[in-house]
Amino acid sequence: MKTMTKGAAALPLNTIVAGDCIEAMNALPAESVDLIFADPPYNLQLRGDLHRPDNSKVDAVDDEWDQFASFKAYDDFTRAWLKAARRLLKPDGAIWVIGSYHNIFRVGAALQDQGFWILNDVVWRKSNPMPNFRGKRFTNAHETMIWAGKSENSKYTFNYEALKALNEGIQMRSDWVLPICTGHERLKDEAGDKAHPTQKPESLLHRILVGSTNPGDVILDPFFGTGTTGAVAKMLGRDFIGIEREESYRKVAEKRISMVRKFDNEALQTTTSKRAEPRVPFGQLVERGMLRPGENLYSMNGRHKAKVRADGTLIGSDVKGSIHQVGAAYEKAPSCNGWTYWCYKKDGKNVPIDILRQQIRAEMAN
């Protein structure tokens, strides 16, 4: 699928572009992408084979794409792809880059040098890491992700309430405990071996995309591999562009994504901040006859009552004003959320007035 953007250039949505990531990114229209997730080569600098205690060989990353002649060569590559990536981001776009201790500090410096504005570093703590078989260092139980806006002034997407909901109502922290790919999620090639040595778990991309994108956003992954970003983006109703030079990875990714089904539109909706919801004045409840002038409202604690007036204010025994002002006066508090403080009587039961506000908001959303 392709679409047209400003500048009349074709944007290859929901496809995997074959070739070098820098050349492919430079061929795409500027400021056309909402988010970039990048899992670049880590430049692991391995020295010889690694074996388990039973002398079986560990399937480590020894592919040609992770080989660099020097730190300078790696830094030059990093600066080049980051420059291409920044050109593609919309003014309010953002980027996530994941790495290990081998490369993430060099990538972080390059990000700042390019003009990106770092928002967080997030530690992915692996609940089931591979042991350190040589016993000469700590077990590498985490990877680091850098989340950065295109610039200091970018109005990046951050779905705070959605992430809080994912975390059972608790503010999401910057250390995420998630498992590495194992079992059914680990993709295999035709020979039954791992299709990719560093396949990322879908849970990681799910959290990133729910937290920092919206349905319909365009997600670019310049190091697409076996397509975790594309698979999760498709499920969540986002568009993706993958770039991958290795044909074997592209084949696995294409097959994988073809089998993915998008969630239905209702399931894609995420929790939003109360401040982001449409404003409904209390007077609108009176105008629409949902509450009548002269009707009494009662505090949820049962200690106070006030009468509704035609202009949407309340009057009590010795105070008058908005639902918030009267509630604050009764409680002798500096402020009060009148929507959660007041209720009305229906069939002898107390009903919070916020129920009526939510009814109007639901109508506004349709």
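Residues numbered from 1 in each chain as written. Predicted model: local features only at pLDDT ≥ 70, side-chain atom pairs only at ≥ 80, totals over all residues. Heavy atoms only, no water.

If you check an unreviewed UniProt entry, the protein chain appears there as Methyltransferase from Sulfitobacter dubius. In its Catalytic activity (unreviewed entry) section, UniProt records this for the protein chain: "a 2'-deoxyadenosine in DNA + S-adenosyl-L-methionine = an N(6)-methyl-2'-deoxyadenosine in DNA + S-adenosyl-L-homocysteine + H(+)". In its Sequence similarities (unreviewed entry) section, the UniProt record describing the protein chain reads: "Belongs to the N(4)/N(6)-methyltransferase family." (UniProt positions renumbered as here; feature names shortened; annotations may be inferred.)

Visitor: What's the story with the packing of helix α6 (residues 228-235) against helix α7 (residues 247-258) in this structure? I'm lost.
Guide: Helix-helix packing: each pair is described by the crossing angle between the helix axes and the interaxial distance. The geometry of α6 relative to α7 is characterised by a closest axis approach of 9 Å and an angle of 15° between their N-to-C directions. Classified by the angle their axes make, α6 and α7 are roughly parallel. Regarding α6 and α7, the two cross each other, and that crossing is right-handed. Listed contacts from α7 to T228, G230, A231 and K234 of α6 are R256, I257 and S258. Of the residues that constitute the contact of α6 with α7, the class distribution is 2 nonpolar, 3 polar and 2 charged. (Axes fitted to C-alpha atoms, helices over the stretch in contact; angles between N-to-C directions. Helix = DSSP H or I, 4+ residues; strand = E, 2+ residues; numbered from the N terminus. Parallel < 35°, antiparallel > 145°, perpendicular 65-115°, else oblique. Left-handed = near helix turned anticlockwise from the far one by under 90°. Contact = heavy atoms within 4.5 Å. Nonpolar A, V, L, I, M, F, W, Y, C, P; charged D, E, K, R; others polar.)

Visitor: What is the right way to read the packing of aromatic side chains from this model?
Guide: The geometry of an aromatic ring pair comes down to the distance between the two centres and the angle between the two planes. For the structure on display, the rule yields 12 aromatic pairs. Centre to centre, the rings of W147 and F158 are 5.5 Å apart; their planes meet at 45°, and the pair counts as tilted. Of this pair, W147 sits in strand β7 (residues 142-149) while F158 is found in the loop between β7 and α4 (160-166), placing the two residues 11 residues apart along the sequence. Looking at F158, the relative accessible area reads 41%, which means it is partly exposed. On the basis of an interplanar angle of 90° and a centroid distance of 4.9 Å, the ring pair of Y341 and W342 is categorised as edge-to-face. For Y341, a relative accessible area of 10% translates into the label buried. In this structure an aromatic cluster arises from ring pairing among W96, W147, Y156, F158, Y160 and W176. Stacked on the ring of F116, the Lys or Arg R86 has its end atom at 5.7 Å from the ring centre. We note K345 situated over the ring of Y298; from NZ or CZ to the ring centre the distance is 5.2 Å. (Phe/Tyr/Trp six-rings, centres within 6.5 Å; stacked < 30°, edge-to-face > 60°. Buried < 20%, exposed > 50% of the residue type's maximum accessible area, 1.4 Å probe, protein only. Lys NZ or Arg CZ within 6 Å of the ring centre and 35° of its normal.)

Visitor: Quick question: what am I supposed to make of α6 here?
Guide: In an α-helix, one turn spans 3.6 residues; hence positions three or four apart end up facing the same way. Summarising burial for α6: 7 of the 8 residues are buried, a large majority. For α6, the full list of buried residues reads T228, T229, G230, A231, V232, A233 and M235. In the core, the buried residues of α6 are packed alongside β4 (33-38), α5 (202-212), β9 (218-221), β10 (239-244), α7 and α8 (265-268). Just downstream of α6 lies G237, where phi reads positive at about 75°.

Visitor: Looking at this structure, how should I read the side chain of T144?
Guide: Its location among the elements puts T144 in strand β7. Those residues in contact with T144 that lie beyond four places of it in its chain are V97, I98, G99, I104, D121 and V122.

Visitor: Got a minute to help me understand the sheet that holds strand β12 (residues 305-308) in this structure?
Guide: Where strands meet in a sheet, backbone hydrogen bonds hold them as pairs that are either parallel or antiparallel. Ordered in space as β14-β13-β12-β11-β15-β16, the 6 strands form an open sheet in which the pairing is antiparallel. Of all strands in the sheet, those bounded by a partner on one side alone are β14 (320-321) and β16 (349-352). As defined by bridge partners, β12 adjoins strand β13 (residues 314-315) across 2 bridges and the pair is classed as antiparallel. Residue pairing in the sheet places V308 in a bridge with L314 of β13. (Pairing = 2+ DSSP bridges.)

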